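# An overview of the molecular structure
Residue-level listing of the chains:
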Amino acid sequence: MVKIKELKDFNLDHIFNCGQCFRWVREGDGSYTGIAFGKIVNMKTTPGRTMVDLEIDHADQDDFEKIWKHYLDLERDYGEIKKQLSKTDSVMAKAIEFGYGIRILNQDKWETIISFLISQNNNIPRIKKCIDALCENFGEYIGEYRGKKYYDLPKPQRLSRLSIDDLAKCRLGYRAKYIIETAMQIEKEGIGETFEYLTTLCGVGPKVANCILLFSMEKADCFPIDVWVKRVMNQLYGIAEEDTNAMLEYSKKNFKEYGGIAQQYLFYYIREGQNKVDEEVRL
DNA sequence: TCGCAGGTGGTCG
DNA sequence: CGACCACCTGCG
């Protein structure tokens, strides 16, 4: 068990429910159990809005320094980012107030590719089921924690050797083909870290590529545009829903190097908030 | 029963 | 090169 004292701008519900990850489960006590980089842990914080203490169970100080500190993006000063973004407009200020504890996780690249490949034209409960099925059917056994067995996400060289039939039990639908093809390409070429490279992968378009860059390659300026972001940018800023170019320009001009972080505040606000925006905050 | 869900690839004009 | 449109699956 590791304890980290006095974290600011940190809330587990915000972090694990803002749509960036799919493998963390909320427990009855408000803690989260999950797996990343082959380690199973449970995270829990003390109550509080401005400052909390974090407990990571099933981890030691060494794990914290090597894995969790960076995974949770604790080196980054969100206070400063929030201050800067809040100044851009009143809508963003409101979204930040709502999702004050969001942090962009630094996730495993391969896991992020697979996760967002599966996410396309899909809903969150089913995305989670698909990923769990991949792990349980084809992933390496990692260990048992609090009575539950955990399996890692299968590596590219494992998935590349599977057939569509093999993957049928994972209920991936037409995405099964994308996963096999992408696994084969990455086994051969490794993982490139640019938008141009990622969009050469089968099943990876602009939205998924930007999610991969933002959530696993430290590109905080990448601005993934999905239906929710279209919705919120339309409601808040009056940009036409089909005009993704105008949205990208808005982000670049106003949110600058923190476009991706701004996107997360907006996404969480529209998704977890009242699901539509009050007249008063609309610009 | 049918539309829809955190898009993308293929196919037209 | 932009505008459709089909697509696995499960849920309401």
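Residues numbered from 1 in each chain as written. Chains lettered and ligands numbered in written order. Predicted model: local features only at pLDDT ≥ 70, side-chain atom pairs only at ≥ 80, totals over all residues. Heavy atoms only, no water.

### With respect to unusual backbone geometry
One non-glycine residue with positive phi stands out, namely Asp9, at about 50 degrees. As for its position among the elements, Asp9 is in the loop between strand S1 (2-8) and helix H1 (12-17). (Helix = DSSP H or I, 4+ residues; strand = E, 2+ residues; numbered from the N terminus.)

### Looking at the domain arrangement of chain A
Interface size is often expressed as the accessible area that is lost when the parts come together. Segmenting chain A into domains produces domain 1 (2-75), domain 2 (109-216) and domain 3 (227-281). Of note, the centres of domain 2 and domain 3, computed from C-alpha atoms alone, are 27 Å apart. (Domains from an automatic or database assignment.)

### Regarding the packing of aromatic side chains
In this structure the tally under the stated criterion is 15 aromatic pairs. Judged by centre distance (4.6 Å) and plane angle (20 degrees), the rings of Phe16 and Trp24 are stacked. Pair check on accessibility: Phe16 and Trp24 agree, each one buried. With 5.4 Å between their ring centres and 25 degrees between their planes, Phe116 and Phe215 make a pair best called stacked. On the criterion of sequence distance, the pair formed by Phe116 in helix H5 (residues 109-119) and Phe215 in helix H11 (residues 206-216) is long-range, its members being 99 residues apart. Aromatic ring contacts, followed pair by pair, group Phe16, Trp24, Tyr32, Phe37, Trp68 and Tyr71 into a single cluster. Over the ring of Tyr150 we find Lys148; its NZ or CZ atom is 4.7 Å from the centre of that ring. (Phe/Tyr/Trp six-rings, centres within 6.5 Å; stacked < 30°, edge-to-face > 60°. Buried < 20%, exposed > 50% of the residue type's maximum accessible area, 1.4 Å probe, protein only. Lys NZ or Arg CZ within 6 Å of the ring centre and 35° of its normal.)

### What about H5?
The element H5 is extensively covered by neighbouring structure, given that 10 of its 11 residues are classed as buried. Each element contacted by the buried residues of H5 is listed here: helix H6 (124-138), helix H7 (156-159), helix H9 (175-189), helix H10 (195-198) and H11. Taking the backbone nitrogen of Trp110 as reference, a side-chain oxygen 3.3 Å away marks Asp108 as the first, capping residue of H5. Where H5 ends, the next residue or the one after it, Asn121, has phi of about 50 degrees, a positive value. (Contact = heavy atoms within 4.5 Å. Polar contact = N/O pair within 3.5 Å; in protein donor to acceptor, adjacent residues only side chain to side chain.)

### Considering the protein's contact with DNA strand C
Around DNA strand C sit Asn121, Arg126, Lys129, Arg171, Leu172, Gly173, Tyr174 and Arg175, and that is every residue in its neighbourhood. Backbone atoms, meaning sugar and phosphate, form 67% of the atoms of DNA strand C found within 4 Å of the protein. The separation between a base oxygen of DNA strand C and a polar side-chain atom of Arg126 is 3.0 Å. Measuring from a base oxygen of DNA strand C, one finds a side-chain N or O atom of Arg175 at 2.8 Å. In terms of residue class, the surface near DNA strand C is made up of two nonpolar, two polar and four charged. (Near = heavy atom within 4 Å. Nonpolar A, V, L, I, M, F, W, Y, C, P; charged D, E, K, R; others polar.)

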